[in-house]
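Fold and geometry: a report
Here's the letter readout for the chains.
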Amino acid sequence: MKKLIKYPLYLLAAALCFFVLTFTVYFFNLDMKATALVAPLLEKWYDRMERKQYI
C-alpha cells in the first residue's frame, strides 16, 4: 500500500521540479541568453565550412 502512495508522490515531485526549472528559464529568458553566448562560436564554425555552390 505504501508503494501506491510513494510513486505518485515521486511523480508529482518530479513534475513540480520540471515546472520550476522551465518557469525559471522562461522568466529570466535564459534560453536566448545562452543562444547569445553560443552564437559567435557557431558563426565562426559555419563561416569556416566549405560551401558547395551549384547553380
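Let me begin by describing the structure that accompanies this report. (Residues numbered from 1 in each chain as written. Predicted model: local features only at pLDDT ≥ 70, side-chain atom pairs only at ≥ 80, totals over all residues. Heavy atoms only, no water.)

**Re helix α1 (residues 2-27)**
- End to end, α1 covers 37 Å across 26 residues, agreeing with the expected 38 Å (1.5 Å per residue, within 8%).
- In terms of burial, α1 is largely open, as just zero of its 26 residues are buried.
- Where α1 terminates, the next one or two residues include N29, which has phi positive at roughly 55 degrees. (Helix = DSSP H or I, 4+ residues; strand = E, 2+ residues; numbered from the N terminus. Expected span 1.5 Å × (residues − 1). Buried < 20%, exposed > 50% of the residue type's maximum accessible area, 1.4 Å probe, protein only.)

**Describing unusual backbone geometry**
- Positive phi is not limited to glycine here, since N29 has a value of about 55 degrees.
- Along the chain, N29 turns up in the loop between α1 and α2 (30-48).
- The class of N29 is partly exposed, set by a relative accessible area of 38%.

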